[in-house]
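Close look at the chain arrangement
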Amino acid sequence: MQESKKDDYYCEQCRAVVTEDADYCSRCGSLFVDQVMCNHHAMTQAEGVCVICGVPCCDKCGEMVNNTFLCRQHAGYEICQGMARVYGLNDSSQAEYIMNILKEQGLHPFLYSRKATPLHMGAVDDAIIHPAGEYFGHTINEIKVMVPFPEALEAEAILKDMEL
Ligand SMILES: [Zn+2]
Ligand SMILES: [Zn+2]
Ligand SMILES: [Zn+2]
């Protein structure tokens, strides 16, 4: 066994690199410390931390969706490799425009478009991923504006102010 450097820690669940003092993995929401209580149930131990809002949740308030922990409120996010979709559109020049605005605000947006398959495949509960039942019909040819999980809420606030 090679001894790892002091600041070189990996999440056991998803293998993301994490900082030594992290209480949870910002990539998958796994908790690294015991005795963290659910934000909504003070007597119940949290099962994970929502990667979107950073709130610890018990198994009734949140759950693993595609190996990523999300609270009930944010379970509908379309997620892919540490990024969450905050906006979708068909116009590539407007997508670039939105991306530049988010960049100017210090965020790290990423445009994602894929013609064939939706991001979520396999044994996924549609009721969780698609609470509004709106995704599959609209994702074909959609350009998705994605941002890293911790930036999702901020990005949405910026987009809302833009009144797109
Ligand atoms: Zn992880
Ligand atoms: Zn959340
Ligand atoms: Zn709870």
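Keep in mind it's a predicted model, so treat the numbers as computed, not measured.

1. Thoughts on the coordination of the zinc ion (ligand 1)
The protein atoms that coordinate the zinc ion (ligand 1) are Cys11 (SG), Cys14 (SG), Cys25 (SG) and Cys28 (SG), at distances of 2.2 to 2.3 Å. One way to put it: the four donor atoms around the zinc ion (ligand 1) meet at angles of 104 to 113°, and that makes the site tetrahedral. Counting gaps between the donor residues of the zinc ion (ligand 1) yields the pattern C-x2-C-x10-C-x2-C. Taken together, the residues span a long stretch of sequence, with cysteine 11 in the loop between strand 1 (9-10) and strand 2 (17-18) and cysteine 25 in the loop between strand 2 and strand 3 (48-49) at a distance of 14 residues. Look at cysteine 25 and you get buried, because its relative accessible area is 0%.

2. Some thoughts on the confidence of the model for the protein
Overall, the predicted model of the protein reaches an average pLDDT of 84, with 79% of residues at or above 70. Within the protein, the lowest mean pLDDT, 41, falls on helix 2 (residues 126-129), and the highest, 98, falls on strand 4 (residues 56-57). Overall, residues 121-139 carries pLDDT values under 50, and its contacts beyond four positions in sequence, including any with other chains, amount to 24 contacts.

3. Some words on the coordination of the zinc ion (ligand 2)
Coordination of the zinc ion (ligand 2) by the protein involves Cys50 (SG), Cys53 (SG), Cys71 (SG) and His74 (ND1), with metal-donor separations of 2.0 to 2.3 Å. Because the angles between the four donor atoms bound to the zinc ion (ligand 2) fall within 97 to 120°, the donor set is best described as tetrahedral. Spacing between the donor residues of the zinc ion (ligand 2) along the chain follows C-x2-C-x17-C-x2-H. Note that cysteine 53 is positioned in the loop between strand 3 and strand 4 and cysteine 71 in strand 6 (residues 68-71), a separation of 18 residues in sequence. Of the residues examined, cysteine 71 reaches a relative accessible area of 6% and is grouped as buried.

Rules of the game
Residues numbered from 1 in each chain as written. Chains lettered and ligands numbered in written order. Predicted model: local features only at pLDDT ≥ 70, side-chain atom pairs only at ≥ 80, totals over all residues. Heavy atoms only, no water. Donors = N, O, S within 2.8 Å, 3.2 Å for Na, K, Ca; no water. Tetrahedral: all angles 85-135°; square planar, octahedral: opposite > 155°, others 65-115°. Helix = DSSP H or I, 4+ residues; strand = E, 2+ residues; numbered from the N terminus. Buried < 20%, exposed > 50% of the residue type's maximum accessible area, 1.4 Å probe, protein only. pLDDT = per-residue confidence, 0-100. Contact = heavy atoms within 4.5 Å.

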